[in-house]
Amino acid sequence: SDLIYIIHNRENDKYYVGQSKDVMKRISQHFKGTTPKNSIFAEDYYTSQFPNRENIFEIKIIKCETKDELDKREKDLIREYDSWKNGYNGTSGNI
């Protein structure tokens, strides 16, 4: 099924919103355990002043019923969390 996943940096309140059929696989492309493999997350991770940086990223998953709902929801969340301008997203969502 189609899923949206939200990666939230609890230290600086930055977000990443993505979509995938296989979220666990996708997340393992971003992270190895709690350590970022993806440079967009790595910089904030390695410069973190958080007491335990293992805990700065939290992940939330939302299930969608249709591809249209998925794309709309992703766009809405990117806008809501301002994750394109002030977060980790490179675009405003699937066009």
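Further up the page is the structure itself.
Residues numbered from 1 in each chain as written. Predicted model: local features only at pLDDT ≥ 70, side-chain atom pairs only at ≥ 80, totals over all residues. Heavy atoms only, no water.

(A) Broad picture of the overall build of the protein chain. Helix and strand counts for the protein chain stand at 3 helices and 5 strands. Taken against the 2.2 N^0.38 rule, which gives 12 Å for 95 residues, the C-alpha radius of gyration of the protein chain at 13 Å falls within 12% of a compact globule. Its C-alpha atoms give the protein chain principal-axis dimensions of roughly 40 × 25 × 20 Å. Here the protein chain, with 95 residues, has 41% of them falling under the buried criterion. In the protein chain, once contacts between residues fewer than 6 apart in sequence are set aside, the share between residues at least 24 apart is 52%. Surface summary for the protein chain: the accessible area is close to 5900 Å², and the carbon and sulfur share equals 49%. A distance of 3 Å separates the average location of the 16 positive side-chain charges in the protein chain from that of its 16 negative side-chain charges. (Helix = DSSP H or I, 4+ residues; strand = E, 2+ residues; numbered from the N terminus. Rg over C-alpha atoms; globule rule 2.2 N^0.38 Å. Buried < 20%, exposed > 50% of the residue type's maximum accessible area, 1.4 Å probe, protein only. Contact = heavy atoms within 4.5 Å. Areas by Shrake-Rupley, 256 points an atom, 1.4 Å probe, with all protein chains shown as cover. Lys, Arg positive; Asp, Glu negative; His and termini not counted. Charge placed at Lys NZ, Arg CZ, Asp CG, Glu CD.)

(B) Layout of helix 1 (residues 23-30). Of all the residues in helix 1, the buried ones are Val23, Ile27 and His30. Seen from one end, helix 1 has its buried residues packed into an arc of 50°, which puts them on one side. Residues of helix 1 that are buried sit in contact with strand 1 (2-9), strand 2 (14-20), strand 3 (31-32), strand 4 (35-36), helix 2 (39-46) and strand 5 (57-64). (Arc of directions from axis to C-beta.)

(C) Quick look at the nonpolar core. Membership of the largest hydrophobic core is limited to 12 residues, which are Leu3, Tyr5, Ile7, Tyr16, Val23, Ile27, Phe31, Phe41, Tyr45, Ile56, Phe57 and Tyr88. Those elements that place two or more of their residues in this core are strand 1, helix 1 and helix 2. Sorting elements by how many residues they give to this core places strand 1 first, with 3 residues. Apart from the residues within four sequence positions on either side, phenylalanine 31 is in contact with Ile7, Pro36, Lys37, Phe41 and Phe57. Core analysis: the second largest hydrophobic core is formed by 10 residues, Ile4, Ile62, Ile78 and Tyr81 among them. (Core = buried A, V, L, I, M, F, W, Y, C linked by side-chain atoms within 4.5 Å.)

By themselves, these are just geometric observations and shouldn't be taken as functional.
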